[in-house]
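Commentary on secondary and tertiary structure
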Amino acid sequence: MINLFIKMTYIGIVFVLMSGIFAPTNAQTSADEYRLGLVTAVNRARQDNGIPTLTMNDSLTSVAMVSIETIAMTNNNNAISRESVRQLLDTRNYHYGHLWYVTHYNLTPAEAVADWVSRYPGEILSGVYTEIGTGYAENPSGDSYLMLLLARQGGSALLTDMPPACENPIAPYPIKGQDLIPPQLPERVAQIRVLTDLYDSLVQGWLNDALVPGTV
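Let me sum up the structure you'll find in this document. This structure is a prediction, so every number in the text was calculated from the model and none was measured.

**Description of the overall build of the chain**
Assigned secondary structure in the chain consists of 7 helices and 4 strands. The order of α-helices and β-strands along the chain, N terminus first, is α-α-β-α-α-β-α-α-β-β-α. Taking all 216 residues of the chain together, the buried fraction comes to 25%. Taking contacts inside the chain between residues at least 6 apart in sequence as the whole, the part at least 24 apart equals 67%. Roughly 15,300 Å² of accessible area belongs to the chain as shown, and the carbon and sulfur atoms make up 61% of that amount.

So this is what it looks like as structure tokens:
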């Protein structure tokens, strides 16, 4: 009986340890809930204003997480910049046409979004953005930092396909040696002959005068 009790105790201990390994931590659960809460609050505000909702994007979320963790570690909102966000997006091959981000701290997702909407309605409620990424991090003192990253994907800066050939507006025309001399109309040919004959007559008359003065 005692051996059975010891075995059951061991099994219970192993079960507790395995649960601790595989179960998500409270901190991770809290971060995920905050990030999802931001998405929900933003899309609710957009729906209330007749603006299409945003789709979560893993690349944007990854960049938002790295950026907000940098802010939390330094307790400085200026620890990131638009350029640093651009560089992170480039490393993830996210080619954006439009980009905007904003941060906050020590507020619930609903409170943060409400404040952002009141201060930046032209961005939060803009129809130009189609995707969203969110970030959440805490500093050692337990202060919470939140970040929104809104974007719209654009085309790659590198050409992946050759552009279509332009249509030639001029029909091809085979060139031959005789084609280099433009053809003349019969009327034009007759005019040229008259002028040529007149020129010959004048030259002949000038030569006669020069050689035999007074002779026509």
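**Side note on the side chain of serine 67**
Tracing the backbone through its elements, the reader meets serine 67 in helix α3 (residues 58-74). Discounting residues that sit within four places of it in the chain, serine 67 has contacts with Ile80, Val85, Leu88 and Met147.

**Some thoughts on the side chain of histidine 104**
Along the chain, the position of histidine 104 falls in strand β2 (residues 96-105). For histidine 104, the residues in contact, after removing those within four places along its chain, are Ala112, Asp115, Trp116, Arg119, Ser144, Tyr145 and Leu146.

**Points about the sheet that holds strand β1 (residues 55-56)**
Spatially, 4 strands are ordered β1-β3-β4-β2 in an open sheet, and the strand pairing comes out mixed. Strands at the two margins of the open sheet, each flanked by one partner only, are β1 and β2. Pairing geometry for β1 and strand β3 (residues 131-138), over 2 bridges, is parallel. Along β3, the bridge assignment pairs methionine 56 with isoleucine 132. Here α3 sits on the sheet in contact with β1, β2, β3 and β4 (144-153), set at roughly 30° to β3. In the packing of helix α5 (residues 109-119) onto the sheet, the strands contacted are β2 and β4, and the crossing angle to β2 comes to about 120°.

**Looking at the pattern of salt bridges**
Considering all chains together, one arrives at 3 salt bridges under this definition. Across the pair arginine 86 and glutamate 83 runs a salt bridge, and its minimum N-O distance is 3.6 Å. Taken together, the residues arginine 86 and glutamate 83, both in helix α4 (residues 82-91) and 3 residues apart, mark about one turn of the helix. The exposure class of arginine 86 is partly exposed, given its relative accessible area of 29%.

**Notes on α3**
For α3, built from 17 residues, the straight-helix expectation of 24 Å at 1.5 Å per residue is met to within 8% by its first-to-last C-alpha distance of 25 Å. The residue sitting at the N-terminus of α3 and contributing the capping side-chain oxygen is asparagine 57; that oxygen lies 2.8 Å from the backbone nitrogen of serine 59. At the C-terminal side of α3, asparagine 75 shows a positive phi close to 55°.

**Observations concerning the pairing of β4**
Counting buried positions along β4 yields 8 of 10 residues, so the element is predominantly enclosed. The pairing of β2 with β4 spans 9 bridges and is antiparallel. Note on β4: the bridge partner recorded for tyrosine 105 is tyrosine 145. Sheet topology places β3 next to β4; 8 bridges connect them, and they run antiparallel. If you follow glycine 133 over to β4, its bridge partner there is leucine 149. Connecting β3 to the antiparallel partner β4 that follows it, the hairpin turn spans 5 residues, and glycine 142 within it adopts a positive phi of roughly 95°.

**Here we look at the environment of glycine 50**
Within the element layout of this structure, glycine 50 appears in the loop between α2 (26-48) and β1. On a C-alpha basis, the gap between glycine 50 and glycine 127 in space is 9.7 Å, while along the polypeptide they are 77 residues apart.

Criteria and cut-off values
- Residues numbered from 1 in each chain as written.
- Predicted model: local features only at pLDDT ≥ 70, side-chain atom pairs only at ≥ 80, totals over all residues.
- Heavy atoms only, no water.
- Helix = DSSP H or I, 4+ residues; strand = E, 2+ residues; numbered from the N terminus.
- Buried < 20%, exposed > 50% of the residue type's maximum accessible area, 1.4 Å probe, protein only.
- Contact = heavy atoms within 4.5 Å.
- Areas by Shrake-Rupley, 256 points an atom, 1.4 Å probe, with all protein chains shown as cover.
- Pairing = 2+ DSSP bridges.
- Axes fitted to C-alpha atoms, helices over the stretch in contact; angles between N-to-C directions.
- Salt bridge = Lys/Arg side-chain N within 4 Å of Asp/Glu carboxyl O.
- Expected span 1.5 Å × (residues − 1).
- Polar contact = N/O pair within 3.5 Å; in protein donor to acceptor, adjacent residues only side chain to side chain.

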